[in-house]
Amino acid sequence: MKKAIALTLTLAMAVTMAVTMAGCGNNQKGTVTSASGKKISTDLIKGSIKLADYKGLEVYEDEIKVEDTEVQSQIDNLLKEKQDSNVVTKGKVVESDTVNIDYTGTIKLNGEDFKFDGGSATNYDLDLDNSQFIDGFAEGLIGHEVGEEVTLNLKFPKDYSQTSKDADGNELTLAGKKVKFVVKINSRKVLPELTDKFVKKNYKKQYGTKTVDELKSYISNQLRTNKIVNAVFSDYVDKCDVTAYDEKEVESIEDFNNSAMASRLQSQYKTNLDTYLKACKMSKKDWNKKMEDSAQKTAKQAMVIEGIAISEGLWASEKDYNAGLKKVATSMGYKSVDELESYFTQYQAYYGQVIIKESVAFNEAVNQLIADNAKILEGSRPADETTTEETTAE
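First, a word on what this report is: a plain description of the structure on this page. Owing to the predicted nature of the structure, the values given are computational and were not obtained by experimental measurement. (Residues numbered from 1 in each chain as written. Predicted model: local features only at pLDDT ≥ 70, side-chain atom pairs only at ≥ 80, totals over all residues. Heavy atoms only, no water.)

It is worth spelling out the packing of aromatic side chains at this point. Within this structure, the stated rule accounts for 15 aromatic pairs. Taken together, Tyr103, Phe116, Tyr124, Phe133, Phe137, Phe156, Tyr160 and Phe181 form an aromatic cluster joined through their ring pairs. (Phe/Tyr/Trp six-rings, centres within 6.5 Å; stacked < 30°, edge-to-face > 60°.)

We now examine helix α6 (residues 247-269). The first and last C-alpha atoms of α6 sit 32 Å apart over 23 residues, in line with the 33 Å expected at 1.5 Å per residue. Among all positions in α6, only Glu249, Val250, Ile253, Glu254, Phe256, Met261 and Leu265 are buried. Looking at the buried residues of α6, the elements they touch are α7 (273-280) and α8 (284-311). Remark: Lys270 follows α6 within two positions and exhibits a positive phi of approximately 55°. (Helix = DSSP H or I, 4+ residues; strand = E, 2+ residues; numbered from the N terminus. Expected span 1.5 Å × (residues − 1). Buried < 20%, exposed > 50% of the residue type's maximum accessible area, 1.4 Å probe, protein only. Contact = heavy atoms within 4.5 Å.)

Once that is clear, we can look at the nonpolar core. Formed by 30 residues in total, the largest nonpolar core has its most connected members in Ile49, Leu51, Tyr236, Val304 and Ile308. For this core, the secondary-structure elements that each account for two or more residues are α5 (212-239), α8 and α11 (354-372). Counting residues per element, this core draws most heavily on α5, at 7 residues. Core analysis: the next-biggest nonpolar cluster, separate from the first, contains 24 residues, Val99, Leu141, Val150 and Leu152 among them. (Core = buried A, V, L, I, M, F, W, Y, C linked by side-chain atoms within 4.5 Å.)

Here we come to the environment of Val99. Inspection of the secondary structure assignment puts Val99 in strand β6 (residues 98-109). Sequence-wise, Val99 and Val190 are 91 residues apart; in three dimensions their C-alpha atoms are separated by 8.7 Å. Among residues more than four places away in sequence, those in contact with Val99 are Val93, Tyr124, Asp125, Leu126, Leu128, Leu141, Ser187 and Arg188.

Here the focus is the sheet that holds strand β3 (residues 48-50). Pairing is mixed across the open sheet formed by 4 strands, whose spatial order is β2-β1-β3-β12. The strands lining the two open edges of the sheet, one partner per strand, are β2 (39-42) and β12 (241-244). Sheet twist, expressed as the mean angle between neighbouring strand axes with direction ignored, is 20°. Bridge count for strand β1 (residues 30-33) against β3 is 3 bridges, and the pairing is parallel. Considered in β3, the bridge of Thr31 is made with Ser48. Each of β1, β2, β3 and β12 is contacted by α8, which is oriented at about 75° to β3, the strand it contacts most. (Pairing = 2+ DSSP bridges. Axes fitted to C-alpha atoms, helices over the stretch in contact; angles between N-to-C directions.)

To continue, consider the side chain of Lys300. Position of Lys300 relative to the elements: it lies in helix α8. Lacking a salt bridge, the buried Lys300 has Asp238 as its closest oppositely charged neighbour, with an N-O distance of 5.1 Å. A polar side-chain atom of Lys300 sits 3.0 Å from the main-chain carbonyl oxygen of Val237. Separated by 2.8 Å, the side chain of Lys300 and the backbone oxygen of Cys240 make a polar contact. Not counting residues within four places of it along the chain, the set of residues in contact with Lys300 comprises Ile49, Val237, Asp238, Cys240, Val242 and Tyr245. (Lys, Arg positive; Asp, Glu negative; His and termini not counted. Salt bridge = Lys/Arg side-chain N within 4 Å of Asp/Glu carboxyl O. Polar contact = N/O pair within 3.5 Å; in protein donor to acceptor, adjacent residues only side chain to side chain.)

A few words on the pattern of salt bridges. Per the stated rule, a full pass over the model turns up 13 salt bridges. Of the charged contacts in the structure, one is a salt bridge between Lys289 and Asp293, with a shortest N-O distance of 2.8 Å. Taken together, the residues span about one helical turn, with Lys289 and Asp293 both in helix α8 at a distance of 4 residues. A relative accessible area of 36% means that Asp293 is categorised as partly exposed.

As structure tokens, then:
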């Protein structure tokens, strides 16, 4: 839930965050050729890219329309962030609550109640809106009072994968079995009331908003900007031309992707890459080519964002850069740049923090630049005019 209002971090942001800083620190210079043909030599990126015109990209009104429910969802996320300070020890549980509970789960084994592994806990905070418990658990607490003990008679799904051990240490399948949970409701964390006073106190510094209407307008505008960028970005990247990649960067992205794939295969399927490739009837050569193409695509998307920032002068002096980074950190609700970097580092264990600075500090400005200069067409996109993103999704 934390930092839920980081609305400017679109798909492009996620892609850029995945780019390694393997090339940073060397003396290699890169080249950005702007849409007007101006060549800019820079050591801020490695490799060379020629940008297509990013002003006047076409998008249809219906695909960027922001619904009230989307704005409300973002507001709910914001309020969730403040929920921890609103603990109450009375009242009925409602769906938006996070409840603190003690619970014990048992199944029938040889006619007796048996506590299965992982079925009990004390002082557990359960977000009812985002429960990962089996169906009926979170729902069964709604409407009950704090201090009440609730008995839930439920059933594990047929595809439930977790198992337990019986008293003799033998594996015990839980899938499809009836289960009873006895739950004590200790307290509730409730959503704060959204008022002008609350908005001014909590979001004036971050978003420049002092009233509920101003906050809703800000969120709506950010959502619209993101939708515009997401609608045009993939097609725009295809129109740009990379004339030289930073090969070390591409190799590092490949290494990261291969490592992530190997980890996923081992954790989910208890197998390795070679076995997987045999099952898919794919040669190692074809796999390596697929990984190289994917890495180059990731690197290109990052180069596009950075190239626009450079060509527009958004990447100015180190002083301006650091000031911009502090502004972004503040606008996203972080107390410091260090906290911002620490939060995003979890997404890029193999990559340097510098790329996070690049992404966060300039992606917002690039997004806004593209959105402000987009050409908005009436109606919906014709059926025979799908975007790259839509084609890929199919």
